[in-house]
Amino acid sequence: MRYPQTFIDDLKRQAEIVRVIQDYVQLKKKGANWMACCPFHKEKTPSFSVSPTKEIFYCFGCHKGGSVFNFVMEIERVSFPEAIRIVADKIGMPLPKMIDDGRFEARRQESDEVVQLNGWAMEWWQQQLESSNEARFAREYLVKREISEETQKTFRLGYAPDSWDALSIYLRQKGATQQQIERSGLVVKKDEGGSYDRFRCRLMFPVLDVQGRAIAFGGRALKADETAKYINSPETTAYVKGRNLFGLNINRDEIRRQGFAILVEGFLDLIVPYQFGVRNLVASLGTALTAEQAKLLSRFARKVVVNYDGDRAGVQAAKKSIEILLAEDLEVKVLVLPDNADPDEFIRKFGVTEYQRRRAQAQPHIQFVIENALRDRNLHRPAEKAEAVEEVLPYIKAVNSRIQKREYFDMAMDSLRITDAALRRELWQSLKQGSAGAGIGQSVIRRRPKKPTIAEQRLLELLFAKENLREAILAMLEPSDYEDLLTAEIFKAFIELTRTGETIDFESLRAKADADDSLSDVIAGLLFDGSARWDTRELHAANQNLTPEDCVFGFRVMKIQDQLEQLNSEFAEAEQARDSERLEALSIKHLALTRRRNELALEQTSSTK
Ligand SMILES: [Zn+2]
């Protein structure tokens, strides 16, 4: 179900973004905008701004931005429809009936049903754990692990009885149909028809989404002879693997406050530290972190301490996670506890102060990788040395900051005792050419740039600010002008919306570009910068006679300028490495770009005559 778009538009107009945000942060008027210290990141001087005319907010510090609804979603941690309800409530606007939306609606309903059934299962399992006779040994297990009743309630732990159909019977009593039960993943379908309860004689850990709804479960075996120690819910309409982080719904504020998250593997690795007061953990649910999980995490912190088991499997999983976190531009440290202890055991044994002390000494990811590469290898044997190098290089390559990359590289070369200058140069070179470590290297190369270039920024700002030029500019653009840009989808959305004659504002662009969180932050930023830049009087005068040709040619020239600047930093690097071959290749590229720029300048003068 959705609210009708006309109502959403109406509500946004009447809600006055400043008034709504004022409820959460102290805004001060500054020129046309309102400013405050950002509620989403730590800061001392205000960079959080709200524009009443554009109906958006934007933070120049952490680059979050969007409409009044995005703000409420972020600060109240709610979904879009809920944000609408909250805003409507604040200004006293009555809510209309929600409308159906065909296929979307059917899927949504199915997903709601799964969540409903999961909710029933969760409550029932909780009751079993609290009071059933059969659950006595589950309770004893929790006592042994020192997990208090309060913690059990916070994480809504439960006990699934040793039965093939007890849960199914309960769900049917609650009114669920056999079809709904099968779709929920709570049972396993039999080939000959019918089904049986998936989780039997297990301690149950619900996986809650950020709104606290049960979307899946993990069950820990309590019988010693059980083959699988943990089993998990299959994917359903409500649950896609690798999209959620266990504990994020409970720990997210603390993660934001501390500026970093500790990544652990299992349910208990998170629950036990939580009980002892360490509340900035998330668990990856299964051993390997996914790119989507890393992205989700990067919304709350820029730094991550990976704290997996110290055994072989744990180390492998940690390395895999490092790879994925680096690709999201996160700063990664690794904490390995002595004697391969996991966080759960370690805290119960040595206490939380000792855990925090160790955590503060967590090593930078590269040190961890080097140490592992050195383990069991003899550097006096050339073949083993080469293996060690191969193992380490991909993790240096994945680092985006040039300075840090160089630092890590030198550190690795020293540790691996590579003293020959020519060899070092060659290896440094290989870091940029995609030969080292196919897996991680490739994924990094294919990544799009994180920030829009000056050229695209200016042109998009102009498209926002100068409605009279918009159509003519867009008509002149070729796909090749924007295809390779970070903001390609925004350009396409602009063109599409102009073609159909729809209103162009934050909301319509975001929807049309199907923007994820980071792209909608970019849109808000462009809207803010653009209005600031093009509204100032001097610029206004200077751009009075701006033609669409000027804009498009200007953009193309600026785009080349951006590429030249990029080349210049590559030059500096090649020079530092005294790499004459690379220098020559770069010079040729440089020459071609300069020539193209000059041609463009000529075209422009001839076309405007
Ligand atoms: Zn901010």
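In the block above lies the structure referred to throughout.
This report concerns the structure included in the present document. What you see is a predicted model, and the numbers here were worked out from it, not measured in a lab.

In terms of helices and strands, the protein carries 29 helices and 16 strands. Taking the principal axes of its C-alpha atoms as reference, the protein extends roughly 90 × 75 × 55 Å. A buried classification covers 48% of the 609 residues belonging to the protein. For the protein, the share of sequence-separated contacts (at least 6 apart) that also reach a separation of at least 24 residues comes to 65%. Working note: accessible area of the protein is about 30,400 Å², and carbon and sulfur atoms make up 48% of it. Side chains of the protein give 90 positive and 92 negative charges; the mean places of these two sets differ by 2 Å.

What follows covers helix α8 (residues 166-173). By the burial criterion, the buried members of α8 are Leu 167, Ser 168, Tyr 170 and Leu 171. Taken around the axis of α8, the buried residues stretch over an arc of 160°, which confines them to a single face.

Looking now at the nonpolar core. In this structure, Leu 325, Val 392 and Ile 396 are the most contacted members of the largest nonpolar core, which totals 48 residues. Excluding anything up to four places from it in sequence, Val 392 contacts Ile 366, Val 369, Ile 370, Ala 373, Ala 412 and Leu 416. Core analysis: the second largest hydrophobic core is formed by 41 residues, Val 114, Ala 138, Val 278 and Ala 341 among them.

This paragraph deals with the sheet that holds strand β1 (residues 28-30). Read from one edge of the open sheet, 5 strands run β1-β2-β3-β4-β5, paired in antiparallel fashion. Looking at strand neighbours, the two that pair on one side only are β1 and β5 (65-66), the edges of this open sheet. Note: strand β3 (residues 48-51) against strand β4 (residues 56-59), 4 bridges, orientation antiparallel. Across the sheet, residue Val 50 finds its bridge partner in β4, namely Phe 57.

As paired elements, strand β12 (residues 260-264) and strand β14 (residues 303-306) share 4 bridges and run parallel to each other. Opposite Phe 260, over in β14, you have Lys 303 as the bridge partner. As paired elements, β14 and strand β15 (residues 331-334) share 4 bridges and run parallel to each other. Directly across from Lys 303, in β15, lies its bridge partner Glu 331. With respect to chirality, the unit in which β14 leads through helix α13 (residues 312-327) into the neighbouring parallel β15 is right-handed.

For the zinc ion, every protein donor is listed as Cys 38 (SG), His 41 (ND1), Cys 59 (SG) and Cys 62 (SG), and the spread of their distances is 2.1 to 2.3 Å. Between the 4 donor atoms coordinating the zinc ion, the angles at the centre fall across 103 to 117°, so the site counts as tetrahedral. When the donors of the zinc ion are listed by position in the chain, the intervening gaps give C-x2-H-x17-C-x2-C.

As for its position among the elements, Asp 514 is in the loop between α25 (506-512) and α26 (517-535). Asp 514 sits in the exposed class, given a relative accessible area of 67%. Separated by 24 residues in sequence, Asp 514 and Ile 490 place their C-alpha atoms 9.0 Å apart.

With respect to the helices, strands and loops of the structure, Lys 405 is situated in helix α18 (residues 402-415). For Lys 405, a relative accessible area of 14% translates into the label buried. Here Lys 405 is in contact with Ile 396, Lys 397, Val 399 and Trp 428, once residues within four sequence places are set aside.

This part takes up the packing of aromatic side chains. With the rule as written, the count across this model stands at 27 aromatic pairs. Summarising the aromatic geometry, the rings of Tyr 3 and Phe 7 are spaced 5.9 Å apart at their centres and angled 50° between planes, so their arrangement reads as tilted. Overall, Tyr 3 belongs to the buried group, its relative accessible area being 6%. A relative accessible area of 9% places Phe 7 in the buried class. Ring plane angle 65° and centroid distance 5.2 Å describe the contact between Phe 464 and Phe 494, whose orientation is recorded as edge-to-face.

Definitions and limits used
Residues numbered from 1 in each chain as written. Predicted model: local features only at pLDDT ≥ 70, side-chain atom pairs only at ≥ 80, totals over all residues. Heavy atoms only, no water. Helix = DSSP H or I, 4+ residues; strand = E, 2+ residues; numbered from the N terminus. Buried < 20%, exposed > 50% of the residue type's maximum accessible area, 1.4 Å probe, protein only. Contact = heavy atoms within 4.5 Å. Areas by Shrake-Rupley, 256 points an atom, 1.4 Å probe, with all protein chains shown as cover. Lys, Arg positive; Asp, Glu negative; His and termini not counted. Charge placed at Lys NZ, Arg CZ, Asp CG, Glu CD. Arc of directions from axis to C-beta. Core = buried A, V, L, I, M, F, W, Y, C linked by side-chain atoms within 4.5 Å. Pairing = 2+ DSSP bridges. Right-handed = clockwise from strand over helix to strand, strands pointing away. Donors = N, O, S within 2.8 Å, 3.2 Å for Na, K, Ca; no water. Tetrahedral: all angles 85-135°; square planar, octahedral: opposite > 155°, others 65-115°. Phe/Tyr/Trp six-rings, centres within 6.5 Å; stacked < 30°, edge-to-face > 60°.

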